[in-house]
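Summary of the model geometry
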2 protein chains.
Amino acid sequence: MARRSYGQICGLSRALEIVGERWALLIIRDLMIGPKRFTDLRQGLPRIPTNVLSARLKELEHHGVLQRRILPRPATAVVYELTPYGRELDDILLALGRWGSQSLGPPDADDIYTADSLMMAMRASYQGGCSSAAPEPVTYELRVTGVVIGLTVQDGQLGVTDGPQSEPDLVIETGHGFAALLTGRISAAEALENGSVHVTGDPELLSEFANTFRIGP
Amino acid sequence: MARRSYGQICGLSRALEIVGERWALLIIRDLMIGPKRFTDLRQGLPRIPTNVLSARLKELEHHGVLQRRILPRPATAVVYELTPYGRELDDILLALGRWGSQSLGPPDADDIYTADSLMMAMRASYQGGCSSAAPEPVTYELRVTGVVIGLTVQDGQLGVTDGPQSEPDLVIETGHGFAALLTGRISAAEALENGSVHVTGDPELLSEFANTFRIGP
DNA sequence: CTGGATCCCTCACGATACTG
DNA sequence: CAGTATCGTGAGGGATCCAG
């Protein structure tokens, strides 16, 4: 529990002593979506050993980044949730995610998408108010390699939910080629043409989607 | 050299594979000030083992975060400098530094200030255009536990230099109590009164300094 | 079934010494 | 000055086991 110190009086080194250990920021990323149980976290971080997850949760709780809370009602369930201090990392995580996306190469065979990382990526790539003047809400259901999330764009605000979207304007189904669309390496039309993306709904909406969510130029 | 992967297709996990290893972001922080030689980096990172520094430099170069450059002229010197991609981390480092500063406790006996961390902290705490309407430049020389840097505020722009300032408007000399002033735990007047800060020049300027550089509320 | 604790192995890190 | 070599230690990885 005693932290290995960097031996400097510096906000950055302090930050790294708190969240710089392996897996820590990914745990925080998943909790940024909402409170989660131990097992949920385990599933979202497929390769994490349980002892490391356990240790990280204790350390992060000790530093005031997250809280352990015992749900009273339905069953004795333990959830972990970020404190306000932990939630302050949101913008930093989004920015780091954008930075790292630029280096994303072709994925390994056993690399996977998770719902949390996908939701994070969509929040990171959301182009605020740059979207075309469509005041009415637009909803998408996004399926990437079987992982399903819902997206709602309304009044320039982005809503992200886990699981299927109810009555989406457009269903987007894709695989590992999704990154190419998000980074603009291929256009919406090209993606439809080469079959790396399938849609259900108005195909024109995919262009709007590609403009709304973009990482890079 | 083969990176331990997090097994996820996610910009954040990619970023952490690149700069998430111990010491990496501190190396980048020091290079953010300017190109440096191996020995300079060693001095700014007092506890880093040389083999780890060597390994990090190789990895970061391999990922396009920094470049190794051989100075041709005066002597055969090797310097490391950030690439544009590496420099994109600047805002993230500043934000992380601000976040971590909120958790800075009383320092250990052997914790030190370094010029680079201090310059970083001043950049992170600089309150952009919030400063009072003083269009003329103000220059400070800041000495914290013997570490000396220069600060120049002009047209709402902050300049930070290593070493003494020439003809500063105010010389601020202080020790480990400097963090209390920066975070606003004590006021400029209190700091002068209890002797934790000494100034040479107009003491009133210390209030302006405390307003110009501030972390937290 | 959740929420971990425990064991063992490996490798990265940490400290120090040494070299072109 | 700019690293490389060596070696001990402890954190991370993986599997299994256990209590509520």
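Structure report, in brief.

About the cut-offs
Residues numbered from 1 in each chain as written. Chains lettered and ligands numbered in written order. Predicted model: local features only at pLDDT ≥ 70, side-chain atom pairs only at ≥ 80, totals over all residues. Heavy atoms only, no water. Near = heavy atom within 4 Å. Polar contact = N/O pair within 3.5 Å; in protein donor to acceptor, adjacent residues only side chain to side chain. Helix = DSSP H or I, 4+ residues; strand = E, 2+ residues; numbered from the N terminus. Nonpolar A, V, L, I, M, F, W, Y, C, P; charged D, E, K, R; others polar. Contact = heavy atoms within 4.5 Å. Buried area = accessible area lost by both parts, 1.4 Å probe. Least-squares fit on C-alpha atoms with pLDDT ≥ 70 in both. Axes fitted to C-alpha atoms, helices over the stretch in contact; angles between N-to-C directions. Parallel < 35°, antiparallel > 145°, perpendicular 65-115°, else oblique.

Near DNA strand C you find 20 residues, and of these A:T50, A:Y80, B:R22, B:N51 and B:R56 are the closest. Sugar and phosphate atoms constitute 62% of the interface atoms of DNA strand C, taking the interface as everything within 4 Å of the protein. Between DNA strand C and the protein, one listed contact pairs a phosphate oxygen with a side-chain N or O atom of A:T39 at 3.3 Å. For DNA strand C, a phosphate oxygen lies 2.4 Å from a polar atom in the side chain of B:R56. Mapped onto the surface near DNA strand C, the elements with two or more residues apiece are helix 3 (38–44), helix 4 (50–62) and strand 3 (77–82) of chain A together with helix 4 (50–62) of chain B. Looking at the surface near DNA strand C, the element that brings in the most residues is helix 4 of chain A, giving 4 residues. A class-by-class count of the residues in the surface near DNA strand C yields 6 nonpolar, 6 polar and 8 charged.

A separate point is the interface of chain A and chain B. On the chain B side, the residues contacting the 49 residues of chain A number 49 residues. Both faces combined, the contact of chain A with chain B buries some 4,600 Å², and carbon together with sulfur accounts for 65% of it. On the chain A side of the interface with chain B, the three residues burying the most area are A:Y6, A:I9 and A:W99, jointly 19% of the side's total. Remark: the boundary between chain A and chain B carries 18 residue pairs in polar contact (both at pLDDT 80 or more). The set of elements that each furnish at least two residues to the side of chain A that touches chain B consists of helix 1 (11–19), helix 2 (24–33), helix 6 (90–101) and helix 7 (115–125) of chain A. Among the residues forming the side of chain A that touches chain B, the class breakdown is 26 nonpolar, 15 polar and 8 charged.

The next point concerns the relation of the copies chain A and chain B. Take chain A, turn it by 180°, move it 0.0 Å along the axis, and it overlays chain B with an RMSD of 0.0 Å. Both copies are brought into coincidence by an operation consistent with a two-fold rotation axis. No C-alpha of chain A approaches the rotation axis more nearly than that of A:I92, which lies at 3.0 Å.

Residues and elements named next belong to chain B. The N-to-C vectors of helix 6 (residues 90–101) and helix 7 (residues 115–125) enclose an angle of 90°; their axes lie 9 Å apart at closest approach. With respect to helix 7, the element helix 6 is oriented roughly perpendicular. Residue-level contacts link D90, L93, L94 and R98 of helix 6 to M120, R123 and A124 of helix 7.

Any functional reading would require information beyond the geometric quantities listed.
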